[in-house]
Amino acid sequence: MTREENKHCLLEVDDVVKEFALRGGFSRSGQIVHAVSGVSFTLDEGETLALVGESGCGKSTMGRLVLRLIEPTRGAVRFEGRDLASMGEPDLRAVRRRMQIIFQDPYASLDPRMTIYKIIAEPLLTHKTHKTRIETEFRVRELMSRVGLRGDQMNRYPHQFSGGQRQRIGIARALALNPKLIVCDEPVSALDVSIQAQILNLLCDLQDELGLAYLFISHDLGVVRHISDRVCVMFLGRLCEIGPTEEIFSSPLHPYTKFLLEAVPKPDPHMRKGKKALLAGEMPSPVNPPPGCAFHTRCPQSEDICKRLAPGMKSFGPRQAACHFTQ
Amino acid sequence: MNPNDSQTLLIKNLSTHFFTGKGVAAAVDDVTLSIPRKSIVGVVGESGCGKSVTALSVLRLVSRPGRIVSGSVMLDGEELLGKSPGEMRQIRGNKISMIFQEPMTSLNPVYTVGRQVMEAMRIHGNTSETEARDRAVEMFSAVGIPEPEHRLRSFPHQLSGGLRQRVMIAMAMVCRPRLMIADEPTTALDVTIEAQILNLMKELEEKFDTSIMMITHNMGVVAEICDYVYVMYAGRIMEQADIFELFDNTKHPYTLGLLGSIPRYGGVRRRLYNIKGMVPSLLDLPKGCRFSPRCEQATPECESREPELYDAGAGHYVRCFLHANANRGEKQ
């Protein structure tokens, strides 16, 4: 993958591979799950890059690799030009202030026994950014009002809030240390549409105000089209296609991207088509990915070469796609 | 129109309340809804709007502290609310079946899927073992499960999410029910699988003369397969219309808000429309129109008095004063 020498490049993921060994079970030991197989992309400051794909495609694993919550098997993740894997504990701690995560389930990601104040102040206290309780409290209030919560609610517990408000608490916690990058792992999937719109608007506003970069992991293509500047489409641990959002949505290059876009139910009954082109077969297992192109078992365009040779990423202007037949 | 002939399901003035320690929650409040033969009817709304409780009320599966307090539920002209528990058991899984969001939790992990599919027939159909097996195999291939004979012997954990949902549908369809209630059947599935399942449901509806009540929060799913739609909010029906009418000529501010807050597939806008505030608690409903505290067009009238469902013509009904005056005249 060509590396752009862009001084604003915040995050660089370089040919990252993550394999998990399967242990235990009955006869599974010795098998390997190929969760991420050679993924490369970059993310600029203030940009939103979406990782999309179906369950098991490795998008969440990718999010955790970016934060070094798990270690890559091979390859490098560079944040502001420095390889995370080679960093020692003190350096890593400093970098971690600059990258945060928001989780899907606002019910599971907040400790039910902590008050909102404690939850939001925890990163501040861990990193000892404020000297006194008054300063910390001031910062917590500021964060709460920024995400649309009232400061006088800070002594309440998570169960006293609705799903949308809890997601706001999660966002306030992520913002506490002024990060540059936030990994958003399905941040609105558990919310009702009207609340989802509120949270998406909030994320957009925060990006404009604070110059945040988002790595936005989602399976909801409508949300992705709305929020992201560029999109990465993943299938079975590999990149199919990466490029500017509008170009990918209006003219997908990779056959898998085409199927994915076609499958989304459109909120307009006039767009109903007699019969959709449906993807045949089942998702191959990441334990035993097919040889060659991982998509060849389900691809209608598949030919001999696809079974033998995994396609590399080819560039098409600002876009890249991994298919032997993309022109 | 004689409702008994053309309607598979007719719910009239149904109210299901939950009697909690903190008060009475009217989860379903005076809901009238009909599902004509050979049709897919959508019931949409956000969490807590009463769509699932409506479905459970039809099956008489509301558990305490919930209770159906009034109304009528007719299946093919036959009243269900007066039936004994034994009679209801004859109807569930036989004349009315239901599929749920999460197929893994609704399948029994310790029995093969074949046994679970045949169970419904053994209970309702007086079929022999071999006959039941043949019909299960037939149904498995009808719902697109590859190698059906082999798959009958699989356990739920051996199947993918999409296949499990197909098993659930096979189980729901095997007695050729008059009505299938699908409660968020594709919410837990990936989009490519969702498209397959929606396609399958449409096919089955045409093939087996089964009406479908589609409960969902996803306007995309509604637009994709429903013929007629009810929009629910805080226990009430706010708007109901033919699918094209609803999308082309949306009237209720809540429905407009719901549609406006969908990240559009087609045009990119930086800001999404959002409905301010959140769904009210059923224990503390606002006076007047239940949507009025969140409605941008609310007037003092909306806050004092609740609007009825006004006829907007062409089978379109709206619970909103904005659409009351013009159509009152029309109706008379």
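In every chain, residue numbers begin from 1 and rise along the written sequence. Chains and ligands are labelled sequentially in the order written, the chains with letters from A and the ligands with numbers from 1. Confidence filtering applies because this is a predicted model: local features only for residues at pLDDT of at least 70, side-chain atom pairs given and counted only at 80 or more, and all residues used for totals across whole chains, interfaces and linings. Note that water and hydrogens are dropped before the side-chain values are worked out from all heavy atoms of the structure.

A short note on the side chain of H296 of chain A
Residue and element names in this part refer to chain A.
- Tracing the chain through its elements places H296 in the loop between α9 (255-263) and α10 (304-308).
- A residue is classified by how much of its surface remains accessible, and H296, at 11% relative accessible area, is buried.
- By the convention used here, residues are in contact when the closest approach between their heavy atoms is within 4.5 Å. Excluding residues within four positions of it along the chain, H296 makes contact with P290, P291, S302, C306 and K307. Secondary structure is summarised from DSSP: a helix means a run of H or I of at least four residues, a strand means a run of E of at least two, and numbering begins at the N terminus for each. Buried, partly exposed and exposed residues are distinguished by accessible area as a fraction of the type maximum, computed with a 1.4 Å probe on protein chains only: under 20%, between the cut-offs, and over 50%, respectively.

A closer look at unusual backbone geometry
All names here are of chain B.
- The omega angle of the peptide bond from R64 to P65 is 10°, so this bond is cis rather than trans.
- With respect to the secondary-structure elements, P65 resides in the loop between α2 (51-58) and β4 (66-75).
- Its identity is not glycine, yet D76 carries a phi of approximately 50°, on the positive side.
- Here D76 shows up in the loop between β4 and β5 (78-79).
- Overall, D76 belongs to the partly exposed group, its relative accessible area being 35%.
- Even without being a glycine, D209 presents a positive backbone phi close to 55°.
- Relative to the helices and strands, D209 is located in the loop between α9 (191-208) and β8 (211-216).

Quick look at the domain arrangement of chain B
Residue and element names in this part refer to chain B.
- The domain limits used here are those given by an automatic or database domain assignment. Taken as a whole, chain B is organised into domain 1 (7-95 + 177-264 + 272-327) and domain 2 (104-176).
- The gap between the C-alpha centroids of domain 1 and domain 2 is 29 Å.
- Every contact between the two is made by 19 residues of domain 1 and, on the other side, 13 residues of domain 2.
- The junction of domain 1 with domain 2 conceals about 1500 Å² of combined surface from both sides, 67% of it contributed by carbon and sulfur atoms.
- Defined in terms of a 1.4 Å probe, buried area is the accessible area two parts forfeit on being brought together, summed over both. For domain 1, the biggest contributors to the area lost against domain 2 are P177, L200 and F208; these three give 33% of the whole.
- Salt-bridge detection follows one rule: a side-chain nitrogen of Lys or Arg within 4 Å of a carboxyl oxygen of Asp or Glu. If you look at where domain 1 meets domain 2, you find zero salt bridges.
- Any N or O atom pair separated by 3.5 Å or less is treated as a polar contact, with the protein-specific requirement of one donor-capable and one acceptor-capable atom, and with residues adjacent in sequence counted only for side-chain atom pairs. The tally of links from domain 1 across to domain 2 stands at three residue pairs in polar contact (both at pLDDT 80 or more).
- Among the secondary structure elements, those contributing two or more residues to the side of domain 1 that touches domain 2 are α3 (85-91) and α9.
- Ranked by the residues each element gives to the side of domain 1 that touches domain 2, the list is headed by α9, at eight residues.
- Here the nonpolar group is Ala, Val, Leu, Ile, Met, Phe, Trp, Tyr, Cys and Pro; Asp, Glu, Lys and Arg are the charged ones; every other residue, Gly included, is treated as polar. The residue makeup of the side of domain 1 that touches domain 2, split by class, is 10 nonpolar, five polar and four charged.

Concerning a nonpolar patch on the surface
Residues and elements named next belong to chain B.
- Nonpolar side chains (Val, Leu, Ile, Met, Phe, Trp, Tyr) within 5 Å and like charges within 9 Å form the patches, drawn only from residues with over 30% relative accessible area and no salt bridge. Note that accessible areas follow from Shrake-Rupley with a 1.4 Å probe, and for residues the cover is restricted to the protein chains shown. A surface patch of nonpolar side chains, amounting to about 220 Å² of accessible area, comprises F19, V24 and V69.
- Structurally, V69 is set in strand β4.
- We classify V69 as partly exposed; its relative accessible area is 34%.

Looking at the pairing of strand β6 (residues 99-102) of chain A
Residues and elements named next belong to chain A.
- The side-chain alternation of β6 yields two buried faces, one formed by M99 and I101 and the other by Q100 and I102.
- Whether two strands pair comes down to DSSP finding at least two bridges between them. Inspection of the sheet shows β6 paired to strand β7 (residues 181-185) by four bridges, in the parallel sense. Bridge assignment links I102 to a residue of β7, and that residue is C184.

A few points about the interface of chain B and chain A
- Of the residues lining the interface, 44 residues belong to chain B; the matching set on chain A comes to 43 residues.
- Summing both partners gives a buried area of about 4100 Å² for chain B against chain A, and 54% of it is carried by carbon and sulfur.
- There are zero salt bridges connecting chain B and chain A.
- Across the chain B-chain A interface, the total number found is 10 residue pairs in polar contact (both at pLDDT 80 or more).
- Where the side of chain B that touches chain A is concerned, the elements lending two or more residues are α9, α10 (219-225) and α11 (243-248) of chain B.
- Its residues placed into classes, the side of chain B that touches chain A shows 22 nonpolar, 10 polar and 12 charged.

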